[in-house]
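In case you want the letters, here they are:
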Amino acid sequence: RDACFFAKRALSAPIALAVTGASRDPQAVFSRSARHLFLVPWRGGTLVGVWHKVWDRDPSAVRVEESELAQWIAEVNAALPGFALALADVALIQCGLVLFGENAPGASDLKYGHRSLILDHTRAHGIEGLITHVSVRYTVARADAARVTDLVFEKLGRRALRCATEHTRLFGGDFERFDELVRSVRRDAGRDLPDAAVEGLARSHGSAYGDVLALARERGGRVLILPGSHTLEAEVVHAVRHEAAQTLSDVVLRRTDLGSAGHPGSAALEAAAALMAEELHWDATKRQFELDVTAAAFPALS
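Because the structure is a prediction, the values reported are computed rather than measured. (Residues numbered from 1 in each chain as written. Predicted model: local features only at pLDDT ≥ 70, side-chain atom pairs only at ≥ 80, totals over all residues. Heavy atoms only, no water.)

## Looking at the confidence of the model for the protein chain
Detailed conclusions should not be drawn from predicted coordinates in areas where pLDDT is low. Overall, the prediction assigns the protein chain a mean pLDDT of 88, with 88% of residues at 70 or greater. Low pLDDT (under 50) marks residues 27-32, which in the prediction has 9 contacts with non-local residues, meaning those over four places away or in another chain. (pLDDT = per-residue confidence, 0-100. Contact = heavy atoms within 4.5 Å.)

Below, the structure written as structure tokens:
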């Protein structure tokens, strides 16, 4: 299990910490007796992480216990006392499952799988036409994909085309300077849109922001914002129509910035759920279920 959290307390610059504590990284490069944590300013607060622990229970029930969170906060405060984090500062906890590691039976600390798995089953098991790929992290996924594609061409007996993704910009990345992109969003969105919404649209959609604005105007001519937030109503609809979003929690926690800095408020969640219900034809029971699941994703810490 991989975990990090978002704290409402702001940090002015990124910091890397070497921490000696109860949770350890058995494969730490610089010190076998310490683990490394990172604090990154983000959206007016700070992202803090990352912790790896073995999760040997039901994968669908993966979570972070409050006692673990308290231990991690204590580790950060021991290394950076002036930051003075408290449980009440935690607005959001993110955790997920790492697909593979290198652990002895019964181990509690994770020796993380540092290399992606690309398995040619012809060579390993004599099974023709089957390749297994498990990428260890997003930052190496593009290079992994190129290697797997080259292997596919090799198995087909064809010469692989030269990979262009090393130099191809990501979707929405057709700009040189972020401040210039923000000015473009401001020009096209009009003067009524708050600065935070303009910057959020630029950060979330990059040079493809025009797709969201076009959708907003298609729905009524005005660019409307979810109550108490800086997220556009059209971003919710866009997530459903063009990003395969099917659940409210997906839209709130991943497809938009609505819940990225903590609970956005009941009014915003209700409005987003209403938009999704209209798009996906939810009945009242389904809509309430989605609201309940999404609300449960935010910590209730004292």
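Now that the structure is up, let's keep going.
## Comments concerning the pairing of strand E1 (residues 2-7)
Across 6 bridges, E1 lies against strand E4 (residues 45-52) in antiparallel orientation. Bridge pairing in E4 links aspartate 2 to histidine 52. (Pairing = 2+ DSSP bridges. Helix = DSSP H or I, 4+ residues; strand = E, 2+ residues; numbered from the N terminus.)

## Regarding the pattern of salt bridges
What the rule picks out here adds up to 21 salt bridges. Between aspartate 144 and arginine 147 there is a salt bridge, with its nearest N and O atoms 3.9 Å apart. Placement of both aspartate 144 and arginine 147 in helix H3 (residues 141-156) is noted, with a separation of 3 residues, approximately one turn of the helix. Looking at aspartate 144, the relative accessible area reads 4%, which means it is buried. The closest approach of N and O atoms between aspartate 179 and arginine 177, which form a salt bridge, is 2.6 Å. Looking at aspartate 179, the relative accessible area reads 31%, which means it is partly exposed. The exposure class assigned to arginine 177 is partly exposed, which follows from its relative accessible area of 45%. (Salt bridge = Lys/Arg side-chain N within 4 Å of Asp/Glu carboxyl O. Buried < 20%, exposed > 50% of the residue type's maximum accessible area, 1.4 Å probe, protein only.)

## Brief notes about the packing of aromatic side chains
A complete count under the given rule lists 3 aromatic pairs for this structure. Measuring from ring centre to ring centre gives 5.8 Å for phenylalanine 5 and tryptophan 51, while their planes differ by 15 degrees; the resulting arrangement is stacked. Highlighted residues: phenylalanine 5 in strand E1 and tryptophan 51 in strand E4, separated in sequence by 46 residues. The residues phenylalanine 5 and tryptophan 51 share a single accessibility class, namely buried. (Phe/Tyr/Trp six-rings, centres within 6.5 Å; stacked < 30°, edge-to-face > 60°.)

## Brief notes about the state of the cysteines
Across all of its chains, the model carries 0 disulfides by this definition. In this structure cysteine 4 is a free cysteine whose sulfur lies 9.0 Å from that of cysteine 95, the closest cysteine sulfur available. (Disulfide = S-S within 2.5 Å.)

## Remarks on the side chain of aspartate 144
For aspartate 144, the side chain forms a polar contact with the side chain of histidine 133, separated by 3.4 Å. A distance of 2.8 Å separates the side chain of aspartate 144 from the side chain of serine 135, its partner in a polar contact. Discounting residues that sit within four places of it in the chain, aspartate 144 has contacts with Ser116, Ile118, His133, Ser135 and Val136. (Polar contact = N/O pair within 3.5 Å; in protein donor to acceptor, adjacent residues only side chain to side chain.)

## Remarks on helix H6 (residues 209-218)
Within H6 the residues assigned to the buried category are Tyr209, Val212, Leu213, Leu215 and Ala216. In an axial view of H6, the angular spread of the buried residues amounts to 160 degrees, which keeps them on one side of the axis. In this structure, the buried side of H6 is in contact with helix H4 (178-189), helix H5 (195-205) and helix H7 (233-242). (Arc of directions from axis to C-beta.)

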